[in-house]
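# Residue-level structural notes
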Amino acid sequence: MNINAVFILLWIVIYVLLYLHEVKVSHLPWFKEEGAGPKAEYVFKAAVKTGILFLGWYVHLTLFIVYLLLLCGYGMTFWSIRKRDNLNLFFWMNFFTICFAAVNLVCLAVVSLVTGYMLKDVYLNHMTFLLALCATLLIIHLLNVLWRKQSFVQWFTLLTSDEKRFNQLVSFEWYAVGYLLFDSISCVFVLPYFLLSVFLIGSCILLVIQFGLFLVHTCRIIQKAHYEAEYYKLEEERADHVKRQMVLQKLAYIDTLTGAFTRRYAMEMLESMQKDRLDVTIAYIDVNGLKMVNDTLGHPEGDHYLKMVANSLNESLNKSDILARIGGDEFLVVSNSTDRTAIETTLGRVNESLMSSGGKGYTPSFSYGAVSAPHHGPFDLEALLRESDRKMYEYKIQFKKGVV
């Protein structure tokens with residue numbers, strides 16, 4: 001087989017590898033939304049890139065000019081993919097140009113080390129240049145397999161989701177492109193092959209490490225920002241949950257009509273005081289004549305009557321005392337003391353104030369009965385409630401007879 005046949009065979013291999021590369025790039029997971037182009041499009045784009053490389057090989061263009069032309073070739077590739085904005089275009093154009101240039105420089109340097117030729121001679125010699133080019137495309141072809149991995153897909157999706165970090169990433173890629181173009185200029189000069197080859201290999205590896213670290217660092221920053229956003233979102237949800245819980249608690253513990261506590265709250269407090277063996281005085285209150293007011297003057301006036309009684313009691317009782325509405329016209333006062341006389345005096349004073357104020361065709365008042373339990377032993381809650389209820393009825397009977 002003559003040398004021309006070898007050249008033709010190598011160029012066929014290069015074209016096939018570029019074609020396969022185009023197919024794989026267009027089918028990468030992050031391009032699924034745009035869909036794959038027709039087969040003729042892959043053939044054309046592979047032919048353009050092959051033509052660029054053939055032109056550089058045939059007329060011995062400076063390597064950095066070849067890389068610049070390839071940069072335009074990749075730009076054409078991603079420009080043809082629909083629905084991609086300019087920033088994504090620059091990102092992928094730079095990304096694949098960096099991959100090609102870095103791998104190609106390393107392959108040229110390795111061939112220089114193996115053959116003992118100067119780097120300039122490796123590039124100008126058709127056979128070594130084509131062998132390095134084939135090795136470059138084979139390595140990139142293998143890298144395509146890695147780019148299809150789910151972890152890489154998630155990584156790049158995360159990197160492109162944050163606009164600010166993505167702008168920084170594109171800017172860093174332009175730096176990397178310039179870095180590689182500068183390295184490629186060394187192929188023009190006649191320099192010691194060993195030192196130059198080692199320098200190029202080390203320089204490209206350093207760039208890849210820098211690029212990788214930048215990607216990892218950027219990805220971590222975006223992840224951290226994402227976690228912080230999730231944390232603040234959870235905090236907001238927790239705050240909303242607490243607010244809803246407070247609203248529900250208020251509905252469970254506060255009577256919406258009178259503003260007094262509910263029966264549930266009063267019972268929970270009494271059970272807690274019973275468990276802790278605290279002093280307790282309770283007063284059972286029944287509003288007089290509420291049914292008559294509702295029947296003759298209407299329920300709005302009846303509601304006003306209840307609120308008037310509740311407001312008067314709240315204004316006169318101690319801040320530590322609990323006023324709860326436990327029924328339609330029934331209230332309960334809970335006090336952490338055994339001074340029943342003080343409670344009865346306060347209730348009597350409130351009653352007199354209500355009766356002197358008068359209502360619309362009725363005299364507001366209430367009946368009450370108070371009992372106390374010392375802290376010496378646990379009190380019987382049910383017995384206390386029955387006793388205060390009994391005393392309240394005694395008061396009501398006397399009230400109806402006009403005794404009180």
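In what follows, the accompanying structure is described. Because the structure is a prediction, the values reported are computed rather than measured. (Residues numbered from 1 in each chain as written. Predicted model: local features only at pLDDT ≥ 70, side-chain atom pairs only at ≥ 80, totals over all residues. Heavy atoms only, no water.)

## Things to note about helix α10 (residues 263-275)
With 13 residues, α10 extends 18 Å from end C-alpha to end C-alpha; this agrees with the ideal 18 Å at 1.5 Å per step. Within α10, burial applies to Tyr265, Ala266, Met267, Leu270 and Met273. (Helix = DSSP H or I, 4+ residues; strand = E, 2+ residues; numbered from the N terminus. Expected span 1.5 Å × (residues − 1). Buried < 20%, exposed > 50% of the residue type's maximum accessible area, 1.4 Å probe, protein only.)

## Some details on a nonpolar patch on the surface
Together, Ile8, Ile12, Val16 and Leu20 give the surface a local cluster of nonpolar side chains, amounting to about 340 Å² of exposed area. Mapped onto the secondary structure, valine 16 falls in helix α1 (residues 3-26). The exposure class of valine 16 is partly exposed, given its relative accessible area of 40%. (Patch = residues over 30% accessible without salt bridge, like charges linked within 9 Å, V, L, I, M, F, W, Y side chains within 5 Å. Areas by Shrake-Rupley, 256 points an atom, 1.4 Å probe, with all protein chains shown as cover. Salt bridge = Lys/Arg side-chain N within 4 Å of Asp/Glu carboxyl O.)

## What about the pattern of salt bridges?
Evaluated as defined, the whole model comprises seven salt bridges. Notably, a salt bridge pairs aspartate 286 with lysine 396, separated by 2.7 Å at the nearest N-O pair. In this pair, aspartate 286 is assigned in strand β2 (residues 280-287) and lysine 396 in helix α14 (residues 381-401), connecting sequence segments 110 residues apart. Overall, aspartate 286 belongs to the buried group, its relative accessible area being 7%. Overlapping salt bridges bring together Glu387, Arg390 and Glu394 as one network.

## What about the sheet that holds strand β4 (residues 330-335)?
Ordered by their spatial adjacency, five strands build an open sheet running β1-β3-β4-β2-β5, and the pairing between neighbours is mixed. Bordering the open sheet on either side are β1 (261-262) and β5 (366-373), each of which pairs with just one other strand. As paired elements, β2 and β5 share eight bridges and run antiparallel to each other. By the bridge assignment, isoleucine 282 is partnered in β5 with valine 371. Across the sheet, α14 is in contact with β2, β4 and β5; its angle to β5 comes to roughly 145°. (Pairing = 2+ DSSP bridges. Contact = heavy atoms within 4.5 Å. Axes fitted to C-alpha atoms, helices over the stretch in contact; angles between N-to-C directions.)

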